[in-house]
Amino acid sequence: MKNVIIFTSQTCPSCKIAKNFLFQNKIQFEQKDISVDAKARAELNRRSISGVPTFLIGTEYVTGFNPSKILKLIDHRVVECKKCSTKMRVPTNKGILKIKCTHCVHEFNVDTQI
Ligand SMILES: [Zn+2]
């Protein structure tokens, strides 16, 4: 499954909206704040990207908050075991999947269509 990184800055209001969107869609992501993270800033500069939020989904960069494009590129969502609350990544668009909790081995079905 692809890793998701969101590049943000502290003064950017659409970054907050973009992060809420990721939470709401149960997408696991890593955040890099370019206002404090010089390495992340250099990473974007190298690719001539100047705007935030920028998403790195697998190997693809998406600049600006484009929900439909982002959902299309992201191939997982996060589900929570109802017994022990362990969070797991599952693939999307695979219909109903039977998931076995990696922690307590509780089995449950997840609808993975978006
Ligand atoms: Zn569990």
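**Details of unusual backbone geometry**
- Cis geometry marks the peptide bond from V52 to P53; its omega dihedral reads -5°.
- Its identity as a non-glycine residue notwithstanding, S48 has a phi of 55°, on the positive side.
- Structurally, S48 can be placed in the loop between α2 (38-46) and β3 (54-57).

**A look at the pairing of β3**
- Alternating residues of β3 divide into T54 and L56 and F55 and I57, and every residue in both groups is buried.
- Relative to β3, strand β1 (residues 4-8) runs antiparallel, the two being bridged by four bridges. Residue F7 lies in a different strand from β3, and its bridge partner there is T54.
- Looking at chain direction, β3 and strand β4 (residues 60-63) are connected through four bridges and run antiparallel. Among the inter-strand pairings, T54 is bridged to a residue of β4, identified as T63.
- Hairpin connection of β3 to β4: two residues between the antiparallel strands, including G58 at a positive phi of 65°.

**Remarks on the sheet that holds strand β2 (residues 30-33)**
- Taking strand neighbours across the sheet as the criterion, the four strands line up as β2-β1-β3-β4 in an open arrangement whose pairing is mixed. Whereas interior strands pair on both sides, the edge strands pair on one side only; in this sheet they are β2 and β4. Ignoring which end each strand starts from, the neighbouring axes of this sheet average 20° apart.

**Digging into the nonpolar core**
- Core analysis: the biggest nonpolar cluster contains 14 residues, and V4, I6, F7, F55 and I57 have the highest contact counts within it.
- If we skip the residues at most four places from it in the chain, F7 touches K32, I34, A40, L44, V52, P53 and T54.

**A word on the domain arrangement of the protein**
- Along its sequence, the protein is carved into domain 1 (4-73) and domain 2 (79-111).
- Here the C-alpha centre of domain 2 lies 27 Å away from the C-alpha centre of domain 1.

**Some words on the environment of H76**
- The residue H76 is located in strand β5 (residues 76-80) in this model.
- With near-sequence residues (within four places) excluded, H76 lies in contact with M1, R89, V90, P91 and T92.

**Section: the pairing of β5**
- Relative to strand β6 (residues 87-91), β5 runs antiparallel, the two sharing five bridges. Looking at the pairing, R77 lines up with V90 of β6.
- As consecutive antiparallel partners, β5 and β6 are separated by six residues, and within that stretch S85 has a phi angle of approximately 65°, a positive value.

Reading the values: rules and limits
Residues numbered from 1 in each chain as written. Predicted model: local features only at pLDDT ≥ 70, side-chain atom pairs only at ≥ 80, totals over all residues. Helix = DSSP H or I, 4+ residues; strand = E, 2+ residues; numbered from the N terminus. Buried ≥ 20, exposed ≤ 12 C-beta atoms within 10 Å, placed from the backbone. Pairing = 2+ DSSP bridges. Axes fitted to C-alpha atoms, helices over the stretch in contact; angles between N-to-C directions. Core = buried A, V, L, I, M, F, W, Y, C linked by C-beta atoms within 7 Å. Contact = placed C-beta atoms within 7 Å. Domains from an automatic or database assignment.

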